[in-house]
Amino acid sequence: MIKQFKTIFKATQPIEIKEKNSRFISQCFPVATKEEAEEIIKKLWKEHYDCTHICFAYLLGEGETAAFRYSDDGEPSGTAGLPIYNEILRKELFNILVTSVRYYGGIKLGTGGLTRTYGASARAALETAETETVIIKKEVAIEIPFDFTGIAMSYIGRFEGLEIKSTTYTESGSSLTVRIPIASVEKFIAEMVEKTGGKIKPVLL
C-alpha cells in the first residue's frame, strides 16, 4: 500500500545552461491534470515564440503513475523528452511538469549530446525545486445520531491526520465526510464501530 508521495507546490525559477552556443532554459511546474500541463506549454510558446524547441515531460499520480507524457518536439527521437522524464523518475516526484526551452546556437550536438544536455537541463531545474511529502488520504462518510455526537466527535477530534471535509445536519443528527490517511482507514472504521456499539458505521467513499 502506497501511503505517501513526493511533489512540488510551486514553480521553480527558470534555469539556463549553455552547450555549444545553444541555450537550454528549464523549469518545473506543479500540475494535477494533463490540461494544466498543456496550458503551461502553450504559455511558454507565447513567451518563447522565437525558440527552436520546447521539450517536456510530466508525471501525474499519487505514488502510482496515473498518466505521463514526454515530448521531443522535433528533436531526434528519444533525445529530449525521455531524458527529462527519466530525471523526474530519478527524483520520484509526482504531479509535476518539467520543461526545457532550446534556442539553437548553430552547432549540432548529436544524439548523445542532446540526450546529455536535456537531461542536465531538467536536473538543474529539479535540483532547485522545493519538494514536499503528501500523505495519501481517503474520504469516509459518517452518519452520527444525536445520542452519539459527544463520543463520535471526541474520537474524531483526537484521530491523527483526520480532516473534516464537510458537515451536514439532519433531523436525526449529523452527516460528516472526513479525509483520513489511507494507512489508518481500517483502524478508524473498526474503532468507531466498537466505541459506539455498532450504532455508527463509517463508510469508505
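What counts and how
- Residues numbered from 1 in each chain as written.
- Predicted model: local features only at pLDDT ≥ 70, side-chain atom pairs only at ≥ 80, totals over all residues.
- Heavy atoms only, no water.
- Buried < 20%, exposed > 50% of the residue type's maximum accessible area, 1.4 Å probe, protein only.
- Helix = DSSP H or I, 4+ residues; strand = E, 2+ residues; numbered from the N terminus.
- Pairing = 2+ DSSP bridges.
- Salt bridge = Lys/Arg side-chain N within 4 Å of Asp/Glu carboxyl O.

Visitor: I would appreciate a short explanation of the pairing of strand β3 (residues 22-30) in the present structure.
Guide: Within β3, 7 of the 9 residues are buried, which leaves it mostly tucked inside the rest of the structure. The sheet contact formed by strand β2 (residues 15-19) and β3 spans 5 bridges and is antiparallel. Looking at β3, one finds that I17 is bridged to F24. Counted along the chain from β2 to the antiparallel partner β3, the turn is 2 residues long, and its residue K20 has a positive phi close to 50°.

Visitor: Looking at this structure, how should I read the pattern of salt bridges?
Guide: Once the charged atoms of two side chains with opposite charge are near each other, the side chains can pair. Scanning the model with the defined rule gives 8 salt bridges in all. The shortest N-O distance in the salt bridge between K10 and E130 comes to 3.3 Å. Taken as a pair, K10 in the loop between β1 (4-8) and β2 and E130 in the loop between α3 (110-126) and β7 (131-135) lie far apart in primary sequence, 120 residues in all. E16 is the partner of R23 in a salt bridge, and the nearest nitrogen-oxygen pair spans 3.0 Å. Take R23: its relative accessible area is 29%, and that puts it in the partly exposed class. Note on E16: relative accessible area 38%, which makes it partly exposed. Within the structure, one salt-bridge network assembled from shared partners comprises E87, R90 and R123.

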